[in-house]
Amino acid sequence: MSNDQPTPGQPPEDDDPFLKKPQEPPPPSDGQPPYGQPPYGSAPPPPPPPPPNDPYGSGGGFGAPDPLAGMPPLAEPGKRILARLIDFLIISIPLYLISLPWGGAVDVTTDDGDGFGDAISNSYTGNQFVWSLIGLAVYIAYDTYFTHKDGRTLGKRLLKLRVAMLNDGRVPDTSAALTRAAVLWAPALLCCPCLWWLINIVLMFTDKPYRQGLQDKAAKTVVVVAR
């Protein structure tokens, strides 16, 4: 018997899968890469750019990053309302006391004895209109200064809240702080206080996804919990 014969029970070397080496596919005859692949030696194409961010509070399109990612949670509407009430009292009480020697900022009595009802209808005439303009300047200056300083008025500081820019969470600059204060206080003090406060309170509870009031939408800001 020849020595070249395979051992009984063992497959020939050519048929043994453990001894075979994997074979690489032959390159194309024309030297070009397969269809759909970049040319040999070229860099891969760059990835597509990320979708643009939406700084206006709509949450961005499909796959867009959330502007609030990594920021503190949004402030609760109840705390925002209470903080605004504290700010209002901080300004309005001293302002009213200062106005008393000149007839008062609000006239709550009239000559015919109808009282507060007539005071509402005549509140923006004469002396009261002048004090409304003074009050408007004081409210806007107060809100602008503290919002630009660190995002917190005195009321927000007491309740651990702050105003932040929606797109990056930084403290609002002077322009954004002034815009926010003017949109908040001008209609509230000069034309439609009850309706204006009602709209903003409703938006604090219903606006999605960032609970922005009209002043926040104008200045592109949000109110968050202060860390």
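This structure is a prediction, so every number in the text was calculated from the model and none was measured.

**Student:** Which residues make up the overall build of the protein, and what values go with them?
**Tutor:** Across its full length, the protein carries seven helices and two strands. The linear arrangement of helices and strands in the protein, starting from the amino end, is α-α-α-α-β-α-α-α-β. Of all intrachain contacts in the protein linking residues separated by at least 6 positions in sequence, the fraction that spans at least 24 positions is 66%. By element, 64% of the accessible surface of the protein is carried by carbon and sulfur atoms, the whole surface being about 14,700 Å².

**Student:** Before we move on, could you go through the confidence of the model for the protein and cite the residues and values that matter?
**Tutor:** Scored by pLDDT, the protein comes out at a mean of 76, with 60% of its residues at no less than 70. Overall, residues 53-63 carries pLDDT values under 50, and its contacts beyond four positions in sequence, including any with other chains, amount to 23 contacts. A low-confidence stretch, residues 108-124 stays under pLDDT 50, and its non-local contacts, those more than four residues away or across chains, total 16 contacts.

**Student:** I'd like to hear about the UniProt feature "transmembrane region" (unreviewed entry) in the protein, residue by residue, with values.
**Tutor:** In the UniProt entry, the feature "transmembrane region" (unreviewed entry) is given for residues 81-102 and 182-205. Helix makes up 86% of residues 81-102 and strand makes up 0%, while its end C-alpha atoms are separated by 31 Å. Secondary structure across residues 182-205 comprises 92% helix and 0% strand; the distance between its end C-alpha atoms is 22 Å.

**Student:** Now, about unusual backbone geometry: what can you tell me, with residues and values included?
**Tutor:** Along the chain, Lys-208 connects to Pro-209 via a cis peptide bond; the corresponding omega equals 0°. Mapped onto the fold, Pro-209 is located in the loop between helix H6 (193-206) and helix H7 (214-219). Residue Lys-160 is not a glycine yet carries a positive backbone phi of 60°. For Arg-211, which is not glycine, the phi dihedral falls at a positive 55°.

**Student:** For the pairing of strand E1 (residues 161-165), give the residues involved together with the corresponding values.
**Tutor:** Counting buried positions along E1 gives five out of five residues, so the element sits mostly inside the fold. On E1, burial covers both faces: Leu-161, Val-163 and Met-165 on one face and Arg-162 and Ala-164 on the other are all buried. Pairing of E1 with strand E2 (residues 221-225), which is carried by five bridges, proceeds in the antiparallel orientation. What sits directly across from Ala-164, in E2, is Val-222.

**Student:** Tell me about the packing of helix H1 (residues 77-99) against H6, and name the residues and values.
**Tutor:** Relative orientation of the contacting elements H1 and H6 amounts to 150°, with a least axis distance of 9 Å. Considering the angle they form, H1 stands roughly antiparallel to H6. Together, Pro-77, Arg-80, Ile-81 and Arg-84 of H1 and Trp-197, Ile-201, Met-204 and Phe-205 of H6 make up the contact between the two elements. Partitioning the contact of H1 with H6 into residue classes produces six nonpolar, no polar and two charged.

**Student:** So what's going on with the packing of aromatic side chains? Residues and values would help.
**Tutor:** Under the definition given, this model contains five aromatic pairs. Note on Tyr-139 and Trp-185: the rings are 4.4 Å apart at their centroids and 25° apart in plane angle, and the pair reads as stacked. Taken together, the residues Tyr-139 in helix H3 (residues 127-150) and Trp-185 in helix H5 (residues 174-190) connect sequence positions 46 residues apart. On the basis of relative accessibility, which here comes to 1%, the residue Trp-185 falls in the buried class. Put simply, the rings of Phe-88, Tyr-139, Trp-185 and Trp-197 touch in pairs and so form one group of aromatic residues.

**Student:** Would you mind going over the packing of H3 against H5 in detail, with residue names and values included?
**Tutor:** Viewed as axis vectors pointing N to C, H3 and H5 meet at an angle of 150°, and their least axial separation amounts to 8 Å. Classified by the angle their axes make, H3 and H5 are roughly antiparallel. Here H3 runs over H5; the crossing is right-handed. Residue-level contacts link Ser-132, Leu-133, Gly-135, Leu-136, Tyr-139, Ile-140, Asp-143, Thr-144, Thr-147 and His-148 of H3 to Thr-174, Ala-177, Leu-178, Arg-180, Ala-181, Ala-182, Leu-184, Trp-185, Ala-186, Leu-189 and Leu-190 of H5. Residues of the contact of H3 with H5, tallied by class, amount to 13 nonpolar, six polar and two charged.

**Student:** Tell me about the nonpolar core, residues and numbers included.
**Tutor:** Listed in full, the ten residues of the largest apolar core are Ile-91, Leu-136, Tyr-139, Ile-140, Tyr-142, Phe-146, Ala-181, Leu-184, Trp-185 and Leu-189. Counting residues per element, the ones that place at least two in this core are H3 and H5. Those residues in contact with Ala-181 that lie beyond four places of it in its chain are Ile-140, Asp-143, Thr-144 and Ala-186.

**Student:** So what's going on with H1? Which residues, and what values?
**Tutor:** Over its 23 residues, H1 extends 32 Å from the first C-alpha to the last, a length consistent with the 33 Å expected when each residue adds 1.5 Å. Those residues of H1 that sit buried are Pro-77, Arg-80, Ala-83, Arg-84, Asp-87, Ile-91, Ser-92, Leu-95 and Ser-99.

Rules behind the numbers
- Each residue is numbered by its place in its chain's sequence as written, counting from 1.
- Note on the predicted model: pLDDT of at least 70 is required for a residue's local features to be given, and 80 or more for side-chain atom pairs to be given and counted; whole-chain, interface and lining totals, by contrast, use all residues.
- Hydrogens and waters are ignored; side-chain quantities use all the structure's heavy atoms.
- Secondary structure is summarised from DSSP: a helix means a run of H or I of at least four residues, a strand means a run of E of at least two, and numbering begins at the N terminus for each.
- Residue contacts are counted whenever heavy atoms from the two residues lie within 4.5 Å of one another.
- The method behind every accessible area is Shrake-Rupley, applied with a 1.4 Å probe, and residues are considered shielded solely by the protein chains displayed.
- Predictor confidence is given residue by residue as pLDDT, running from a minimum of 0 to a maximum of 100.
- UniProt positions are given in the numbering used here, feature names are shortened, and annotations may be inferred rather than shown by experiment.
- Note on classification: 1.4 Å probe, protein chains only; a residue is buried when its accessible area is under 20% of the maximum for its type, exposed when over 50%, partly exposed between these limits.
- A pair of strands is labelled paired if DSSP reports no fewer than 2 bridges between them.
- Lines fitted to C-alpha atoms define the axes here, with helix axes fitted over just the stretch in contact, and angles between the N-to-C directions of these axes take values from 0 to 180 degrees.
- Working definition: roughly parallel below 35 degrees, roughly antiparallel above 145 degrees, roughly perpendicular at 65 to 115 degrees, and oblique for all remaining angles.
- Each residue is assigned to one of three groups, with Ala, Val, Leu, Ile, Met, Phe, Trp, Tyr, Cys and Pro labelled nonpolar, Asp, Glu, Lys and Arg labelled charged, and all others, Gly among them, labelled polar.
- Working definition: a ring pair exists when centres of Phe, Tyr or Trp rings (six-membered ring for Trp) sit within 6.5 Å. Plane angles under 30 degrees give stacked, over 60 give edge-to-face, the rest tilted.
- Should the near helix be turned anticlockwise from the far one by less than a right angle, the crossing is termed left-handed; should it be turned clockwise, right-handed.
- What is meant by a nonpolar core is a set of buried Ala, Val, Leu, Ile, Met, Phe, Trp, Tyr and Cys residues, joined one to another through side-chain atoms within 4.5 Å.
- To estimate how far a helix should reach, multiply one less than its number of residues by 1.5 Å.

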